[in-house]
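# An overview of the molecular structure
The residues making up each chain are set out below.
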Amino acid sequence: MLETARNGPLTAVTDDTFATVVLAADRPVVVDFWADWCPPCRAISRSLAELAGEFAGRMDFATIDTDANPDATRTYGVMSLPTLLVFHRGEVVGSIVGSRPKNHLRQSLARHLGG
């Protein structure tokens, strides 16, 4: 059985679990690429935890530590933190780079839920 850590409503993924948890998901997944040394990452993480409740059942939320998981970070060309990538059916369908207010995040993520 695949083990993934939960950080509240955010699922912590690693290079080893990324394909199973994110790419094989049957609904959109927002992946928060972050690092411990990144203050804006902490702020966006709090907003994502709140948004995860609002989008529950329609969109999943995951988090990946870029320092501990360089393969996924490199594969998806993450150069700045925080970076949010939205995956759907194994493909990147959206991205948000840098810290943004929660309302901006909500509107941007909602675009990936339609038809």
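So, here's what we can say about the structure. In this text the structure is predicted, and so the values were computed from the model without any measurement.

## Focus: unusual backbone geometry
In the segment running from Leu81 into Pro82, the intervening peptide bond is cis, with an omega of -5 degrees. Within the element layout of this structure, Pro82 appears in the loop between helix 3 (70–75) and strand 5 (83–88). Positive phi is not limited to glycine here, since Arg89 has a value of about 55 degrees.

## Quick word on the nonpolar core
Counting residues in each nonpolar core, the largest one holds 14 residues, and the members touching the most others are Val30, Leu48, Phe61, Leu84, Leu105 and Leu109. Looking at this core, the element that brings in the most residues is helix 2 (residues 39–54), giving four residues. Core analysis: the second largest hydrophobic core is formed by 13 residues, Val13, Ala62, Ile64 and Phe87 among them.

## Overview of the environment of Val93
Checked against the element boundaries, Val93 lands in strand 6 (residues 91–97). Val93 gets classed as partly exposed once you look at its relative accessible area, which sits at 40%. Considered as a pair, Val93 and Val29 are 64 residues apart in the sequence and their alpha carbons are 9.9 Å apart. Setting aside chain neighbours within four positions, we find Val93 in contact with Val86, Phe87, His88 and His112.

## Focus: the side chain of Asn69
Along the polypeptide, Asn69 turns up in the loop between strand 4 (60–65) and helix 3. What makes Asn69 buried here is its relative accessible area of 7%. Beyond its immediate chain neighbours, meaning those up to four positions away, Asn69 contacts Val13, Thr14, Asp15 and Ile64.

## A few points about the packing of helix 2 against helix 4 (residues 102–110)
Direction vectors running N to C along helix 2 and helix 4 enclose 50 degrees, while the axes themselves pass 10 Å from each other. As far as their axial angle goes, helix 4 and helix 2 are oblique. Helix-helix and strand crossings are classified by hand; for helix 2 and helix 4 the assignment is right-handed. When helix 2 is examined against helix 4, the residues Ile44, Ser47, Leu48, Glu50, Leu51 and Glu54 are found in contact with a partner set consisting of Lys102, Leu105, Arg106 and Leu109.

## Notes on the pairing of strand 4
Relative to strand 4, strand 2 (residues 10–12) runs parallel, the two being bridged by two bridges. Residue Ala12 lies in a different strand from strand 4, and its bridge partner there is Thr63. Two elements, strand 3 (residues 29–34) and strand 4, share six bridges in a ladder whose sense is parallel. Each residue of the ladder has a partner; that of Trp34, found in strand 4, is Asp65. What joins strand 3 to strand 4 is helix 2, and the crossover it makes is right-handed.

## Re the state of the cysteines
Enumeration over the complete set of coordinates arrives at one disulfide. Two residues, Cys38 and Cys41, share a disulfide whose sulfurs are 2.3 Å apart. Taking the sign of the S-S torsion, 85 degrees for the link of Cys38 and Cys41, the bridge is right-handed. For the residue pair Cys38 and Cys41, the accessibility class agrees, reading buried in each case.

Criteria and thresholds
- Every chain's residues receive numbers from 1 upward, in the order its sequence appears when written.
- Two thresholds apply to this predicted model, a pLDDT of at least 70 for residue-level local features and 80 or more for giving and counting side-chain atom pairs, whereas whole-chain, interface and lining totals are computed over all residues.
- Water and hydrogen atoms play no part in the side-chain values, which are based on all heavy atoms of the structure.
- Elements are defined by DSSP. Helices are runs of H or I of four residues or more, strands are runs of E of two residues or more, and each kind is numbered from the N terminus.
- Residues grouped as a nonpolar core are buried Ala, Val, Leu, Ile, Met, Phe, Trp, Tyr and Cys residues, joined through side-chain atoms within 4.5 Å.
- Classification of residues uses two cut-offs on accessible area relative to the type maximum, computed with a 1.4 Å probe and protein chains only: under 20% is buried, over 50% is exposed, and between them is partly exposed.
- Contacts are assigned to residue pairs that have any heavy atoms within 4.5 Å of one another.
- Interaxial angles span 0 to 180 degrees and are taken between N-to-C directions of axes, which are lines fitted to C-alpha atoms, for helices over the stretch in contact.
- Convention used here: angles under 35 degrees read as roughly parallel, angles over 145 as roughly antiparallel, angles from 65 to 115 as roughly perpendicular, and any remaining angle as oblique.
- In a left-handed crossing the near helix is turned counterclockwise from the far helix by less than a right angle, and in a right-handed crossing that turn is clockwise.
- The pairing criterion is simple: DSSP has to find at least two bridges between the two strands.
- Crossovers are described as right-handed under a simple rule: with the strands pointing away from the observer, the path leading from the first strand over the helix to the second runs clockwise.
- Any cysteine sulfur atom paired with another within 2.5 Å is treated as part of a disulfide.

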